[in-house]
Every structure is written in C-alpha cells, then in structure tokens.
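Residues per chain are reported as follows:
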Amino acid sequence: MHTAVIGGLWGDEGKGKIIDFLAKDADIIVRCQGGDNAGHTVKVSSKKFVLHLIPSSILHESKKNIIGSGVVINLDTILQEIDELQKQGIRIDSSTLFISELAHIITPYHILNDILNELSQGIGTTLRGIGPAYADKIRRKGLIMLDLIQFSEEDLKKKVYDEIDEVIAYAKQKGITPEKIFAWIEEKETRKKMLKNFLEKYFSRETFIDKEKVLLSLLEARKKLKNYVADIAWMLDQANKENKKILFEGAQGTMLDICFGSYPFVTCSNTTIGGLYTGTGIGFSIEKKVLVFKAFSTRVGGGPFPTEIKDKTSDIIAEDGTEFGATTGRARRIGWFDAVLARYSARVNDASILAITKLDRLDMLDEIKICYAYEMEGKQIKNVTPTARILEKCIPVFETLPGWKQSTQGIASFEKLPVNAQGYIKRIQELVGIPVKIIGTGQERENIIVVS
Ligand code: IMP
C-alpha cells in the first residue's frame, strides 16, 4: 500500500513530522512538487533539522529518498542541504538520494524575475524563483537536470546568457534598476534573509546579475550532482511491481494549489493529490491519503484568511515561537480551525485519514472556536470554491468549545488526553467527516498519538 501526505490548508501544517513518523514503514519516500519554498522541520533527540528539498525521511537509515520531476530545484540549496546533513552525520550518497532527470532547475535569473514581479505587483511569494521556474517549464523554456548534465559548456552558456538577457530586458521595460532592487531588498529584514545567497553570489549593482558566476555555479553543481540523477518514474514503477511501500511527500498545502487554492494567492504547483502523480510519473494508485492540518490554522504571505485571529489569542497560540516560516522567517498569520475549508480539502484530495498537529499549542486557552460554516451575501453556506475573490466575501460562523487548560505536551495516547481535548478532536472529525488517526502533541519525534 502506498501513502501520500498532503497539506490541508496553506502549508506549514507540520507535515515534516508526520512524514518522519510514516517513513519508518516505507521503503521509498518521494517529494513530488514545489521547491525550496517548502521547509520541513523535524526534531530528533533535541537536534533540529530543517529540510527544504530533500525528503525528511533522509533522517532514517536505509531508505531511498527521491526528488521527483515535479520539483523545481535550486542547485545551491540542494548542495548546501547535502553538505549540512552530511556534517550532522546523515548518510547521503547515490544509494540514498535520487533526483529526477526531468526536474526543472531554479536559476538566479528565476529569482531575479520573482523579485521583479513582487516589486511591482506582489502576492508575498517566498522569493525563491518558484513561479518563474514553473512559468519557464510551461513556456517550454526551462532547464532540466538532464540538460545540466548533457549540454556542452558552450550550449549551457548560450542558454543561460540568453535567458538572463531576457529577464534584464523585462526589468528595463518595467523601469526597474539594480539600485531599486537593492533598496527594496534592504527595506526588510526578511527579504534580506531570503535573498542572502542571491545577493552575495549573483546580484550585481551594475548589471543586475553576474552572468559568469551563474554559469560557473551551474558547471560546479553538475559535477557534484551528476551521480544523483536518475529515471525516477522507472524506479517507482519497479518498486511498485516489487511490492515496495512508497510514501509520497506533498509540500505546501491545498489552499496554495495553483488550480484549486485561493487563487491568485497560491504557489505555482499542484499541491493536491494530482500533483503527486504528475510530479513523479506514476500511473498506479496511491491508496492511503493522509491530510494534515494544524489544530488551528496559519498562513504566510498575502490573501484572504477568513478565520484569522486579530486579538492577543494569536500570541498565546504562537507562544512557543515556532510560527515563523522555516524558509523565510516570516511570521505566520494565525486563525481558528476552518472546517469549511477542511471539508473542501478532504474532498479534492479524497482524504482517507486526518492528522492533526500541534494540539498542545491550544493548551492554555479558555475557549476554542471552530468555523463550521460561512456567511456569504446574507446566506449561510457550508461548501465553497475558495478563490481569493470568494473568500474575501466570506464571514466565518463559529461554534465555541471549552478549553482544557492543562498540558497535553508529549501525551502519547488518545485516552490520556483531557476530555475537552478529546471532544475538540472528535468535533473536527465530525465536521470534516474523515477520521482523525494521528495527533501531534509536541515538537519531538515521539510526541505523537496514533488513534486506533
Ligand atoms: P511561492 O511559492 O514562493 O511562489 O509563493 C506563493 C505563495 O505561497 C506565498 O503566499 C507563499 O507565502 C506561499 N508558500 C509557498 N511555499 C510555502 C510553504 O512551504 N509554506 C507556507 N506558505 C508557502
């Protein structure tokens, strides 16, 4: 049986921990879409690992970890990730890590393009070049891993220099200068943090981008990564025929799906179940779909967020300091559990079970709200097509449940949870219509409840 882990709302649901937990029983774990806009944090024996591209399962020994064709790969990020994990004693070589030959590459000119778009009409992207890399894929102008390996140096140079010229021409057409970009980045700490590598390695205050450095780093990366590149669709098909168990690791969340999310405030990949098929090249079925939600909701970046909490309750929930983007360091907006969107998410993903993470973050609240319906244009609705334009018109209708005012941190069985916490989980299950089978009660690997 194959399993998928998918984000229920706007990402950051704590999928890394669930994947780490489920990876124990899998032979192969595969990332299917997104890029280093994702950040999966896993804590093992008080050691914190943040993974952006490599599946969190790399922390288990003797698993095959795959980056599928639907992922867009920043070569600097993956090399740095390999390096840091190796320094922490994790075994990474061509028998534990495989990168799809068809995966597209995010280059510094995609990051420049992301900056140009955000500078004029932003939605609050992670500035990782994700959108422009996927746009190039669709425009049939992308650079894939096979190109990186097979192109002659001359061909690679021509391709890269031409693409850079095109992005620079776009900047000029918009009247944007390198100085303006520099000032815009300097304006905000989070932007400086997100763009540190780009600024230090590739940005030029005279010519926007240092073409030669881009080429040299691609040539360097191809030497280091060539042995990891593989035919993933074939590998997965073989594994299926050999009855191996495959775990499909979704990134971001359903509300960020390019087709089914809160468009246009979305990322540029299919974060829902279909993306796990198109991002790996499989045709066989994924039978078990684990949909992950936090016990509350969060979102980063712009766009409507109906259940957003606008008072100090959000500070209480975020008190452990973990509600900052693992990739960008941006503070996450916090809201109550939204059963309307959760139902939608369960439907588009055909969820089999729910995993609810971070239950312990609600421990100190007197009362907890759940949104069970929306009011839109004077009518109460329980189903919605959640484009941004529609969500903006939706007013959440809440029911209020009593808090439990005691610690659930580290509790490992459902029966040991305070009665009100059990009631909260049961109510979520009832409203979404899918059984809750996994509950997270803390940051450590073992802080998890499996509901029988
Ligand atoms: P992009 O993926 O960088 O293009 O950003 C598009 C939108 O998706 C922005 O609102 C980002 O904040 C959001 N986003 C992308 N990746 C993640 C993630 O892993 N967690 C949470 N939000 C994300």
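Because the structure is a prediction, the values reported are computed rather than measured.

**Q** Please clarify how the overall build of the protein chain should be interpreted in this entry.
**A** Regarding its fold elements, the protein chain presents 16 helices and 22 strands. Over its C-alpha trace the protein chain gives a radius of gyration of 22 Å, about what one expects of a compact globule, namely 22 Å for 452 residues. Oriented by its inertia axes, the alpha-carbon framework of the protein chain measures out at about 65 × 55 × 40 Å. Burial status across the protein chain gives 59% buried among its 452 residues. Element-wise, carbon and sulfur atoms account for 49% of the exposed surface of the protein chain, whose accessible area totals about 18,900 Å². Computing the positive centroid from 62 side-chain charges and the negative centroid from 59, the protein chain places the two 2 Å apart.

**Q** Can you help me understand the nonpolar core in this one?
**A** In summary, soluble globular proteins display a tendency toward joint burial of nonpolar side chains. The biggest cluster of nonpolar side chains holds 71 residues, and the ones touching the most others in it are Phe248, Phe337 and Tyr424. Ignoring sequence-local partners within four residues, the contact set of Phe248 consists of His2, Thr3, Ala4, Val5, Val30, Cys32, Leu276, Thr280, Ile282, Phe284 and Ile286. Listed in part, the 65 residues of the second largest apolar core include Val44, Ile115, Ala171 and Tyr202.

**Q** I'm lost on the pattern of salt bridges in this one. Help?
**A** Pairing is possible between side chains of opposite charge, provided their charged atoms come close. Taken as a whole and assessed by the stated rule, the structure comprises 29 salt bridges. Among the ionic pairs, Lys159 bridges to Glu163, the shortest N-O distance being 2.9 Å. In this pair, Lys159 and Glu163 both sit in helix H6 (residues 153-173), four residues apart, roughly one turn of the helix. The buried category is assigned to Glu163, whose relative accessible area is 5%. As a salt-bridge pair, Arg205 and Glu179 come within 3.0 Å of each other at their nearest N and O atoms. With Arg205 in the loop between strand E9 (203-204) and strand E10 (208-209) and Glu179 in helix H7 (residues 178-186), this residue pair connects regions lying 26 residues apart in the sequence. Classification of Glu179 by relative accessible area gives partly exposed; the value is 41%.

**Q** Just to check I follow, could you spell out the site of the ligand for this structure?
**A** Taken together, 16 residues surround the ligand, and among them Asp12, Asn37, Thr126, Thr267 and Arg330 come closest. At a separation of 3.4 Å, a nitrogen atom of the ligand approaches a polar side-chain atom of Gln252. Within the backbone of Val300, an N or O atom sits 3.5 Å from an oxygen atom of the ligand. For the ligand, whose accessible area on its own is 470 Å², the fraction buried by protein is 97%. Looking at side-chain class alone, the shell around the ligand contains seven nonpolar, seven polar and two charged residues.

**Q** How should I be thinking about the pairing of strand E18 (residues 367-376) in this particular structure?
**A** The side chains of a regular strand alternate, residue by residue, between the two faces of the sheet. Of the pairings in the sheet, the one linking strand E16 (residues 337-338) to E18 comprises two bridges and is parallel in character. Pairing of Phe337 across the sheet is with Ile370, part of E18. Taken together, the eight bridges between E18 and strand E20 (residues 395-402) define a ladder with antiparallel strand orientation. Opposite Lys369, over in E20, you have Thr400 as the bridge partner. Relative to strand E19 (residues 379-381), E18 runs antiparallel, the two being bridged by three bridges.

**Q** Help me out: how do you make sense of the side chain of Ser69 in this one?
**A** Inspection of the secondary structure puts Ser69 in the loop between strand E5 (64-67) and strand E6 (72-74). Once residues within four sequence positions are removed from consideration, Ser69 is found in contact with Ser100, Leu102, Ala103, His104, Lys137, Thr278, Gly279 and Thr280.

**Q** Which parts of the structure should I look at to understand the pairing of strand E1 (residues 3-7)?
**A** Judged by how many residues are buried, E1 sits mostly within the fold: five of five residues are covered. Along E1, one buried face is formed by Thr3, Val5 and Gly7 and the opposite face, lined by Ala4 and Ile6, is buried too. Bridge analysis of E1 against strand E13 (residues 288-294) gives five bridges, and the strand direction is parallel. Across the sheet, Gly7 pairs through a bridge with Val292, a residue of E13. When E1 meets strand E12 (residues 246-249), the two strands line up parallel, connected through three bridges. Its bridge partner being in E12, Val5 is matched across the sheet by Glu249.

Cut-offs applied
Residues numbered from 1 in each chain as written. Predicted model: local features only at pLDDT ≥ 70, side-chain atom pairs only at ≥ 80, totals over all residues. Heavy atoms only, no water. Helix = DSSP H or I, 4+ residues; strand = E, 2+ residues; numbered from the N terminus. Rg over C-alpha atoms; globule rule 2.2 N^0.38 Å. Buried < 20%, exposed > 50% of the residue type's maximum accessible area, 1.4 Å probe, protein only. Areas by Shrake-Rupley, 256 points an atom, 1.4 Å probe, with all protein chains shown as cover. Lys, Arg positive; Asp, Glu negative; His and termini not counted. Charge placed at Lys NZ, Arg CZ, Asp CG, Glu CD. Core = buried A, V, L, I, M, F, W, Y, C linked by side-chain atoms within 4.5 Å. Contact = heavy atoms within 4.5 Å. Salt bridge = Lys/Arg side-chain N within 4 Å of Asp/Glu carboxyl O. Near = heavy atom within 4 Å. Polar contact = N/O pair within 3.5 Å; in protein donor to acceptor, adjacent residues only side chain to side chain. Nonpolar A, V, L, I, M, F, W, Y, C, P; charged D, E, K, R; others polar. Pairing = 2+ DSSP bridges.

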